[in-house]
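# Tertiary structure, described
Chain by chain, the residues:
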Amino acid sequence: MTKVLAIANQKGGVGKTTTAINLAASLAVLEYKTLLIDADPQANSTSGNGFDLKNIQVSLYDCLVNDMPIKQIILETETPNLFVLPSHLDLVGAEIELINHPNREHILKQAIAALDEEFDFIIIDCSPSLGLITVNALSAADAVIIPVQCEFFALEGLGKLLNTIKIVQARLNTGLQIEGILMTMYDGRLRLSNQVVEEIKNHFEELVFKTIIHRNTKLGEAPSFGKPALMYDTESTGAINYLNLAKEILQKNNLTKIKNSESNINA
C-alpha cells in the first residue's frame, strides 16, 4: 500500500525541499520505490535531482490543468528506485485556472489514484503557501511532515498551518495525520538551537521526530550538482540524518524489521 507524505510549512526557508529531496532519496536507497512530486512552482525538487528545467516539456501543471495522465509525466532519476513528477513555473497560474473546477481540491488525489499503488512511498514537496496546490497535496496525503527551523521564529505561522490541517481533516481528508514535526538546521553549538528543540518537544511531545537535521554544508552543495546528499556525499552528516529519518518513518509505519539498536547511524 502506497504511503503518501506531504512536506508542508507555509514559512519559507525551513528545509521543505531539502527534506523532500533527501527523504525521498533515502527511502529509495533503502529499496522502497519512491515518487517525489514537485508541487512548488520554483521546481527546486526537480532541478535538485539533476533535471534541467529548460528541458521539462510536461509537468505537474499539465496533470492538474490539462488532465494529462500522471504516468506520462513521471521521470526516472539517477538514484535507483527514485522517480520525480517535475514542476514548472507554469504551476503559478494553476490556482487561478482551477478556481472554477468542481473538484479542485481533489485533482492531485485522483491523479495519484491512477498509479494503482505502483510506488511504496510518494513524497510531495509543497510550496511555501497555503494555497490551492498545497490544499491538493494535503487532500491527497496520508500524513504531513512539518519541517521547523531551529531558530527564534520557529513557532511563527505553525499555528496557522496546524489550523489549515484541521480544516482539511474536517472537510476534505478525514484520514490525514501529522506524521511528525522535523527539526531542521540544528547547530548544537548554539544555545538557541537547543532551546528551540526543547520548546518544540515540550509543546508537541510525541509529534516531534527523534531525528534532528543538523546544519551541513553538503546539504546545501548537493542541489547545485543535481543530486541528493546521499548521492553527493554518502558519509556527510546531512545524508546520514535523512537516512535516519527514513528509518524512523519506516519503523513508525511498521515497514521494517530493523532492530532499535541498528535504527540510527551515528553522524
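Placed above this text is the structure.
What comes next concerns the included structure. (Residues numbered from 1 in each chain as written. Predicted model: local features only at pLDDT ≥ 70, side-chain atom pairs only at ≥ 80, totals over all residues. Heavy atoms only, no water.)

The subject of this paragraph is the sheet that holds strand β6 (residues 143–149). Here seven strands make up an open sheet; going across it, the order is β3-β4-β2-β5-β1-β6-β7 and the pairing mixed. Looking at which strands have only one partner, the edges of the open sheet turn out to be β3 (75–76) and β7 (177–184). Inspection of the sheet shows strand β2 (residues 34–39) paired to strand β4 (residues 82–85) by four bridges, in the parallel sense. The residue of β4 that forms the bridge with Thr34 is Leu82. Each of β6 and β7 touches helix α7 (residues 158–171); the most contacted strand, β6, lies at about 175° to it. (Pairing = 2+ DSSP bridges. Helix = DSSP H or I, 4+ residues; strand = E, 2+ residues; numbered from the N terminus. Contact = heavy atoms within 4.5 Å. Axes fitted to C-alpha atoms, helices over the stretch in contact; angles between N-to-C directions.)

Moving on: α7. For α7, spanning 14 residues, the distance from its first C-alpha to its last is 20 Å, which sits close to the expected 20 Å at 1.5 Å a residue. Taken residue by residue, α7 has Leu158, Leu161, Leu162, Thr164, Ile165 and Val168 as its buried positions. Here the buried residues of α7 occupy an arc of 155° about the axis, which is enough to place them on one side. With respect to the buried face of α7, the exposed residues turned more than 90 degrees away are Lys160, Lys166, Ala170 and Arg171. (Expected span 1.5 Å × (residues − 1). Buried < 20%, exposed > 50% of the residue type's maximum accessible area, 1.4 Å probe, protein only. Arc of directions from axis to C-beta.)

Moving on, we come to helix α1 (residues 16–29). Counted at 1.5 Å a residue, the expected span for α1 with its 14 residues is 20 Å, and the 20 Å between its end C-alpha atoms agrees. For α1, a buried count of twelve out of 14 residues is recorded, marking the element as mostly surrounded by other parts of the structure. Among the residues making up α1, those that are buried are Lys16, Thr17, Thr19, Ala20, Ile21, Asn22, Leu23, Ala24, Ala25, Ser26, Leu27 and Ala28. Residue Glu31 follows α1 closely and has a positive phi angle near 70°.

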